[in-house]
Amino acid sequence: MFKNMIVYRIAPQWQVELTQVEEALAKAPFQECGATQEKSLGWVPPRGELHGPLVESVGGQWILRFMVETKVLPGSVLARKVKEKAERIEKETGRKPGKKESKELKDEAKLDLLPMAFTKQGSMWIWIDTASRLLVLDTSSQGRADEVVTLLVESLPGLSVSLLDTQTSPQAAMAHWLKEQEPPLGFTVDRECELKSANEEKAVVRYARHPLDIEEVQAHIDAGKLPTKLALTWDDRVSFMLTEGLQIKKVSFLDTVFEGTKADDGGFDTDVAIATGELVKLIPDLIEALGGESESGVAGAVSQEPSKAEAVQGVPSPATSRRQGVGVITGPADAPVDLDPESAPF
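What this report covers is the structure whose coordinates are included nearby. (Residues numbered from 1 in each chain as written. Predicted model: local features only at pLDDT ≥ 70, side-chain atom pairs only at ≥ 80, totals over all residues. Heavy atoms only, no water.)

### Observations regarding the pairing of strand E1 (residues 6-10)
The test is simple: With a 1.4 Å probe rolled over the protein chains alone, any residue whose accessible area is under 20% of its type maximum counts as buried; one over 50% counts as exposed, and the rest are partly exposed. Going along the chain from the N terminus, every DSSP run of H or I of four or more residues is numbered as a helix, and every run of E of two or more is numbered as a strand. Only when DSSP finds a minimum of two bridges between them are two strands counted as paired.
Across the five residues that make up E1, a large majority, five, are buried. The alternating pattern of E1 places Ile 6, Tyr 8 and Ile 10 on one face and Val 7 and Arg 9 on the opposite face, and all of these are buried. The pairing of E1 with strand E6 (residues 134-137) spans four bridges and is antiparallel. Residue pairing in the sheet places Ile 6 in a bridge with Leu 137 of E6. Sheet analysis places E1 next to strand E7 (residues 161-163), joined by three bridges and oriented antiparallel. Residue pairing across strands places Ile 10 opposite Val 161, the latter belonging to E7.

Given below as structure tokens:
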């Protein structure tokens, strides 16, 4: 649970009860794909219990689970089916299908094949901390996060969020920590990082299971290569990978977190309590290590409630949002590019 995290700040005016969230999510439950349906998405009970609640509260922390199912239809199989249809027409009429007819044949072939296609399912954990005003999505893909946040904005009246934004960019902070060998208070630098040059060559240097307190790393930074990923450990309790886009990846809870717990103490409630109990302390410390929260990140998620069109389409930059008074930001225009979307849950 919460192996990767993209963090949003919830605007202070959003005040709802757990029952209201449950009622809203119940309008969009997950259902498996129909025979000719390519994709289906919706909410499932976090505990995995049939007909269970769609939002669970554990220690005041709200947990949701989003499910997606897609039909797997290989392009080569579809192309072969289209070719068969085109050859049949040519044989019967003596002419080759035109461009418009070929497109129609492709649509027909897809409808023929979809009922026989395999399905692939994936899910995403969502954590809402109303006390700290945090919305956390368990994904490493900004595009997929935006899809889920947009659905939440449409489902939950008055919800306004903005991507977490800090005074110091993660890249600048990581470069300083590596060059000066001065990690922030409470954190240690681990043995993995990625450095990338800003010039046209985009040269990349990666270190894995390698000490980073060496002159070679500092020389790369002096030469213009900047960190895009850096492995860190917080308070000897949680290890993770920080990215230039303020994504938190490869979250791992260390043995000290589980001291005092028994081997049979597992289960949904325990997992949620442990994960949220640690992360609700880690996130503020990380924000402080990055110079505190930027006013633009918080200010962009307050004031006016947006229209549904803005909620669905709205991915303006923070500056644009402040000028226009847009309340919902599902990801600014300069959100990080998905470098490894396949690592995301779906």
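And the narrative resumes.
### Things to note about the nonpolar core
For clarity, the cut-off: We call a set of buried Ala, Val, Leu, Ile, Met, Phe, Trp, Tyr and Cys residues a nonpolar core when their side-chain atoms join them within 4.5 Å. Contacts are residue-level and defined by heavy atoms, with any inter-residue pair within 4.5 Å sufficient.
Grouped together as the largest cluster of nonpolar side chains are 44 residues, with contacts concentrated most on Phe 2 and Phe 240. For this core, the leading source of residues is helix H7 (residues 268-289), giving nine residues. Those residues in contact with Phe 240 that lie beyond four places of it in its chain are Phe 187, Leu 230, Ala 231, Leu 232, Trp 234, Ile 248, Lys 249, Lys 250, Val 251, Leu 282 and Leu 286. Membership of the second largest hydrophobic core comes to 29 residues, among which are Leu 54, Phe 66, Met 124 and Leu 159.

### Regarding the environment of Thr 139
Position of Thr 139 among the secondary structure elements: in the loop between E6 and helix H4 (142-155). In this structure the C-alpha to C-alpha distance between Thr 139 and Ile 126, which are 13 residues apart in sequence, comes to 9.3 Å.

### Comments concerning the pairing of strand E8 (residues 187-197)
Summarising the sheet, E8 and strand E10 (residues 225-234) pair through eight bridges and their orientation is antiparallel. Following the sheet pairing, Val 189 is matched in E10 by Leu 232. Note that E8 and strand E9 (residues 204-208) share five bridges and pair antiparallel. If you follow Glu 192 over to E9, its bridge partner there is Ala 208. Counted between consecutive antiparallel strands, the loop separating E8 from E9 contains six residues, among which Lys 202 sits at a positive phi close to 55°.

### So, the sheet that holds strand E12 (residues 248-253)
The following threshold applies: All axes are obtained by fitting lines to C-alpha atoms, using only the stretch in contact for helices, and the reported angles, taken between N-to-C directions, cover 0 to 180 degrees.
Here five strands make up an open sheet; going across it, the order is E9-E8-E10-E11-E12 and the pairing antiparallel. Looking at which strands have only one partner, the edges of the open sheet turn out to be E9 and E12. Each strand of the sheet is rotated relative to its neighbour by a mean of 15°, with strand direction disregarded. As judged from the four bridges shared by strand E11 (residues 238-243) and E12, these two strands associate in the antiparallel manner. The residue bridging Val 238 from the neighbouring strand is Phe 253, located in E12.

### Observations regarding the packing of helix H2 (residues 75-93) against helix H3 (residues 99-113)
Let me state the cut-off plainly: Just so you know how the angles are binned, under 35 degrees is roughly parallel, over 145 roughly antiparallel, 65 to 115 roughly perpendicular, and the rest oblique. By the definition used in this description, the sense in which the near helix is turned from the far one sets the handedness, with an anticlockwise turn below a right angle giving left-handed and a clockwise turn giving right-handed. For this classification, Asp, Glu, Lys and Arg are treated as charged, while Ala, Val, Leu, Ile, Met, Phe, Trp, Tyr, Cys and Pro are nonpolar and the rest, including Gly, are polar.
At a minimum axis distance of 9 Å, the contact between H2 and H3 shows a crossing angle of 125°. Taken together, the axes of H2 and H3 are oblique relative to one another. Seen along the crossing, H2 lies across H3 with a hand that is right-handed. Contacts between H2 and H3 involve Val 77, Leu 78, Lys 81, Val 82, Lys 85, Ala 86 and Ile 89 from the first element and Glu 101, Leu 105, Lys 106, Glu 108, Ala 109, Lys 110, Asp 112 and Leu 113 from the second. Looking at side-chain class alone, the contact of H2 with H3 contains eight nonpolar, no polar and seven charged residues.

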